Amino acid sequence: MVPELVALQVAADLFPNGIGRYAVGGLLVGLGAAVIYVGTGISAGASTFLESTLSYVSGQSRFRQYVASRDWRLVFTLGIVLGAAVYAVVYQGGAWTTEVAWWRLLAGGVLVGVGTRVGKGCTSGHGVCGVGSASKTSLAGVLAFLATAILTAQVVAALGVTP
């Protein structure tokens, strides 16, 4: 009986608002990835959004490769942003705010952008589509993402850094 109680307490700590909304979110993400793959033959991921958007205004070959898929990539990314906004309004009663300094958000965004290029994709592409496809490269990438995130969080916490 004690192991069950410990498991319930751990679940309650990890999911303080219940597991339902996370399960529904996961199912919707998986369904969205499947629909994009069936409809386009391309694994969904957000890391190519900037390059595909630049194909609207640049003739460079690096950006032109995305001309055929840039429209759905734009809709995909807008859906991510608008989905978060709708969630904030419906479930949190207004816009999401943070105490994190603007320059830290900017620096983090730049580091994430560089990391997605170096890692040949983002967590959504590798974590959802790559792992779902049993890609060894994506599995290694996700393990590297998690290890780096855990290590960074531990170092930042140990240094006492606050937003």
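This text follows the structure it describes.
Cut-offs applied
- Residues numbered from 1 in each chain as written.
- Predicted model: local features only at pLDDT ≥ 70, side-chain atom pairs only at ≥ 80, totals over all residues.
- Heavy atoms only, no water.
- Helix = DSSP H or I, 4+ residues; strand = E, 2+ residues; numbered from the N terminus.
- Expected span 1.5 Å × (residues − 1).
- Buried < 20%, exposed > 50% of the residue type's maximum accessible area, 1.4 Å probe, protein only.
- Contact = heavy atoms within 4.5 Å.
- Core = buried A, V, L, I, M, F, W, Y, C linked by side-chain atoms within 4.5 Å.
- Axes fitted to C-alpha atoms, helices over the stretch in contact; angles between N-to-C directions.
- Parallel < 35°, antiparallel > 145°, perpendicular 65-115°, else oblique.
- Left-handed = near helix turned anticlockwise from the far one by under 90°.
- Nonpolar A, V, L, I, M, F, W, Y, C, P; charged D, E, K, R; others polar.
- Patch = residues over 30% accessible without salt bridge, like charges linked within 9 Å, V, L, I, M, F, W, Y side chains within 5 Å.
- Areas by Shrake-Rupley, 256 points an atom, 1.4 Å probe, with all protein chains shown as cover.
- Salt bridge = Lys/Arg side-chain N within 4 Å of Asp/Glu carboxyl O.
- Disulfide = S-S within 2.5 Å.

A. The arrangement of helix α5 (residues 70-92) in detail. Taking 1.5 Å per residue as the helical rise, α5 with its 23 residues ought to reach 33 Å, and the 32 Å between its terminal C-alpha atoms agrees with that figure. Within α5 the residues assigned to the buried category are Arg70, Trp72, Arg73, Thr77 and Ala88. For α5, the secondary structure elements touched by its buried residues are α2 (20-40), α3 (49-54) and α4 (61-64).

B. Examining the environment of alanine 7 more closely. Within the secondary structure, alanine 7 sits in helix α1 (residues 2-14). Sequence spacing of alanine 7 and arginine 21 is 14 residues, and the spatial spacing of their C-alpha atoms is 19 Å.

C. Just the nonpolar core, in detail. One finds Ala33, Ile36, Ala44, Trp72 and Cys129 forming the largest nonpolar core, which totals 5 residues. Beyond its immediate sequence surroundings of up to four residues, tryptophan 72 is in contact with Ile36, Thr40 and Ile42.

D. Seen up close, the side chain of arginine 73. Looking at the element boundaries, arginine 73 is found in helix α5. Setting aside anything within four residues of it in sequence, one finds arginine 73 in contact with Ile42, Gly45, Thr48, Phe49, Ser52 and Tyr66.

E. Representation of the packing of helix α7 (residues 123-132) against helix α8 (residues 136-159). Relative to each other, α7 and α8 sit at 135°, their axes nearing to 9 Å. Comparing their axes, α8 and α7 come out oblique. As α7 runs across α8, the sense of the crossing is left-handed. Where α7 abuts α8, its residues Thr123, His126, Gly127, Gly130 and Val131 lie against Ser138, Leu139, Val142 and Phe145. Its residues placed into classes, the contact of α7 with α8 shows 4 nonpolar, 5 polar and no charged.

F. Representation of a nonpolar patch on the surface in the model. Residues Trp102, Trp103, Leu106, Val110, Val114 and Val118 make up a contiguous nonpolar surface patch of roughly 700 Å² in combined accessible area. Structurally, valine 114 can be placed in helix α6 (residues 102-118).

G. Unusual backbone geometry, seen in detail. For alanine 134, which is not a glycine, the phi torsion comes out positive at approximately 60°. Structurally, alanine 134 can be placed in the loop between α7 and α8.

H. Representation of the environment of alanine 34 within the structure. Relative to the elements of secondary structure, alanine 34 occurs in helix α2. Classification of alanine 34 as partly exposed rests on a relative accessible area of 38%. Spatially, the C-alpha atom of alanine 34 lies 9.9 Å from that of valine 128, the residues being 94 residues apart in sequence.

I. Fine view of α2. Taking 1.5 Å of rise per residue, the 21 residues of α2 would be expected to cover 30 Å, and the 30 Å separating its terminal C-alpha atoms lies within 8% of that figure. Glycine 41 sits one or two residues past α2 and shows a positive phi near 80°.

J. View of the state of the cysteines. Applying the stated criterion across every chain yields a total of 0 disulfides. You can see cysteine 122 has no disulfide; the closest cysteine sulfur is in cysteine 129, sitting 8.6 Å from it. The exposure class assigned to cysteine 122 is buried, which follows from its relative accessible area of 9%. Using a relative accessible area of 10% as the deciding quantity, one classes cysteine 129 as buried.

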